[in-house]
Amino acid sequence: MDNVCAVVTGGAGFIGSHLVDALLLKGYKVFAIDNLITGNEDNLTEAKKNPKFAYIRHDVTQELPVVGPIHFLYHLASPASVPDYQKYPEETALVNSVGTRGMLKVAKAHGAKFLFTSTSEVYGDPKEHPQKETYWGNVNPNGVRSCYDESKRFGEMITMLYVKHHGVDGRIARIFNTYGSRMRPTDGRVVSNFINQALAGKPLTVYGDGKQTRSFCFVRDMVAGLIRLMETDNTTGEVVNIGNPEEYTMIDFAEKIKHMTGSSSEIVHVRLPVDDPTQRKPDITKAKKLLGWEPAVSVDDGLKQTIEYYKQVAGRE
Ligand code: UDP
């Protein structure tokens, strides 16, 4: 383990920083790379206490500084919440296209195993439910979400191109909605919005009629799935959904958060964002078979921990 080195782009982000912690726990040397447009260096406070860790502030659309031998390269860097990628559409488009190509070149040069984090957004507003990896998706190519959806689709294509034509040992994770500590309270996602609204006694903002569905994965399970996908033999060129198939309508989810926080907040309906997918739930048969992975943390347990986290964050402010 002493000489194993992993690089995590987007390492100061929500999922990235948890991945950094998990890789350090395995005894690896870890470099986190982030330009902090949506990441937060505070997420690396624990990691920085470990002598095997280094943080590099860097934009991965530019050439990577030399960091020595690399065995695993996890490419997570990208704004990922709907408000974030709409605020940074060009950065989002470029980090997933130019940035992914750059990281693939680094993986090739080092003979490193490579993992690209794609997204359930490649399925767009899916006509197939639940979504299997074989589904091609239903994406608006020039809508408000396309800077993210289409650049992730490009990222998948260029990853497979480097697998087939450059011999890179690459794989693709399609990440479904994930939640847990270190997701910024103001991130704009439904879990952080509802919990923080409920804790502050403010109205819970359900977008549209709230009949749209999502399925939520606890961040610890997500990170375990990503590591499993990277390290399992015979995963070269594979595309695997990582997520929790427990599906909720947003109106039921708002009720659940209200109940779990003991909040007396009202639930209000506000305008539905453009191109908001009507349903989403991963089919994780492939992850179970190929990786022997499935979520271990129930939504109730994960939400309890997340609510406690946001209470602490609010206490610090
Ligand atoms: N949503 C909501 N209220 C909020 C934030 C989001 O009802 O305050 C809805 C949103 O319209 C979407 C779902 O919750 O249908 C998940 O939104 P999120 O931004 O968390 O993730 P997405 O799956 O859209 O990327």
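Data block above holds the structure.
This report concerns the structure included in the present document. (Residues numbered from 1 in each chain as written. Predicted model: local features only at pLDDT ≥ 70, side-chain atom pairs only at ≥ 80, totals over all residues. Heavy atoms only, no water.)

1. Comments concerning the nonpolar core
Part 1 of the argument: Grouped together as the largest cluster of nonpolar side chains are 58 residues, with contacts concentrated most on Ile15, Val20, Leu23, Phe53 and Tyr74.
Part 2 of the argument: For this core, the element with the highest residue contribution is helix α7 (residues 219-231), accounting for seven residues.
Part 3 of the argument: In contact with Leu23, not counting residues within four places along its chain, are Ala6, Val8, Tyr28, Val30, Tyr74 and Ile227.
Part 4 of the argument: If you look at the next biggest cluster of nonpolar residues, it comprises 25 residues, including Cys5, Val67, Leu73 and Val168. (Core = buried A, V, L, I, M, F, W, Y, C linked by side-chain atoms within 4.5 Å. Buried < 20%, exposed > 50% of the residue type's maximum accessible area, 1.4 Å probe, protein only. Helix = DSSP H or I, 4+ residues; strand = E, 2+ residues; numbered from the N terminus. Contact = heavy atoms within 4.5 Å.)

2. Brief notes about the pairing of strand β11 (residues 239-242)
Part 1 of the argument: With burial as the criterion, each face of β11 is covered, one bearing Val239 and Asn241 and the other bearing Val240 and Ile242.
Part 2 of the argument: Sheet topology note: the strand β6 (residues 169-175)/β11 ladder contains four bridges and is parallel. Looking at the pairing, Ile172 lines up with Val239 of β11. (Pairing = 2+ DSSP bridges.)

3. Some remarks on the site of the ligand
Part 1 of the argument: Contacts to the ligand come from 18 residues, most closely from Val190, Thr205, Arg214, Asp276 and Arg280.
Part 2 of the argument: One of the side-chain nitrogen or oxygen atoms of Gln212 is found 3.1 Å away from an oxygen atom of the ligand.
Part 3 of the argument: Expressed as a share of its isolated accessible area of 520 Å², the protein-covered part of the ligand is 95%.
Part 4 of the argument: At the level of secondary structure, the elements contributing two or more residues to the shell around the ligand comprise α6 (190-199) and β8 (204-207).
Part 5 of the argument: Per-class residue counts for the shell around the ligand are seven nonpolar, five polar and six charged. (Near = heavy atom within 4 Å. Polar contact = N/O pair within 3.5 Å; in protein donor to acceptor, adjacent residues only side chain to side chain. Areas by Shrake-Rupley, 256 points an atom, 1.4 Å probe, with all protein chains shown as cover. Nonpolar A, V, L, I, M, F, W, Y, C, P; charged D, E, K, R; others polar.)

4. Considering the environment of Lys26
Part 1 of the argument: With respect to the helices and strands, Lys26 occurs in the loop between α1 (14-25) and β2 (29-34).
Part 2 of the argument: The partly exposed category is assigned to Lys26, whose relative accessible area is 34%.
Part 3 of the argument: In sequence terms Lys26 and Gly170 are 144 residues apart; their C-alpha atoms lie 21 Å from each other.

5. Comments concerning the environment of Lys108
Part 1 of the argument: Position of Lys108 among the secondary structure elements: in helix α4 (residues 98-110).
Part 2 of the argument: By relative accessible area, Lys108 is classed as partly exposed at 42%.
Part 3 of the argument: When the C-alpha positions of Lys108 and Asp221 are compared, they lie 29 Å apart, and in sequence the two are 113 residues distant.
Part 4 of the argument: Not counting chain neighbours up to four residues away, the residues in contact with Lys108 comprise His166 and Val168.

6. Here's the deal with the packing of aromatic side chains
Part 1 of the argument: Counting across every chain of the model gives nine aromatic pairs.
Part 2 of the argument: Pairing Tyr123 with Tyr135 gives two aromatic rings, centres 5.9 Å apart and planes at 20°, and the pair type is stacked. Note that Tyr123 is positioned in the loop between β5 (113-119) and α5 (146-166) and Tyr135 in the loop between β5 and α5, a separation of twelve residues in sequence.
Part 3 of the argument: Between Phe216 and Phe253, the ring centres sit 4.4 Å apart and the planes meet at 25°, which makes this aromatic pair stacked. With Phe216 in the loop between β9 (213-215) and β10 (217-218) and Phe253 in helix α8 (residues 250-261), this residue pair connects regions lying 37 residues apart in the sequence. Both residues of the pair, Phe216 and Phe253, count as buried.
Part 4 of the argument: An aromatic cluster is defined as three or more aromatic residues linked by ring pairs; in this entry it consists of Phe194, Phe216, Tyr248 and Phe253. (Phe/Tyr/Trp six-rings, centres within 6.5 Å; stacked < 30°, edge-to-face > 60°.)

7. Concerning the pattern of salt bridges
Part 1 of the argument: Under the criterion given, the structure shown has 18 salt bridges.
Part 2 of the argument: Of the charged contacts, one joins Glu46 and Lys49 as a salt bridge, the two residues approaching to 2.8 Å between their closest N and O atoms.
Part 3 of the argument: Exposure remark for Glu46: the relative accessible area of 47% places this residue in the partly exposed category.
Part 4 of the argument: Across the salt bridge formed by Asp301 and Lys304, the nearest N and O atoms sit 3.9 Å from each other. (Salt bridge = Lys/Arg side-chain N within 4 Å of Asp/Glu carboxyl O.)

8. Focus on the sheet that holds β11
Part 1 of the argument: With parallel pairing, the seven strands of this open sheet are ordered in space as β3-β2-β1-β4-β5-β6-β11. Of all strands in the sheet, those bounded by a partner on one side alone are β3 (53-57) and β11. On average, each strand axis in the sheet is tilted by 20° relative to the strand beside it, whichever way the strands run.
Part 2 of the argument: Across the sheet, α5 is in contact with β5, β6 and β11; its angle to β5 comes to roughly 155°. (Axes fitted to C-alpha atoms, helices over the stretch in contact; angles between N-to-C directions.)

9. A look at the side chain of Ser17
Part 1 of the argument: Mapped onto the secondary structure, Ser17 falls in helix α1.
Part 2 of the argument: In terms of polar contacts, Ser17 uses its side chain to reach the backbone carbonyl oxygen of Gly13, at 2.7 Å.

Spatial relationships are all this shows, so hold off on functional conclusions.
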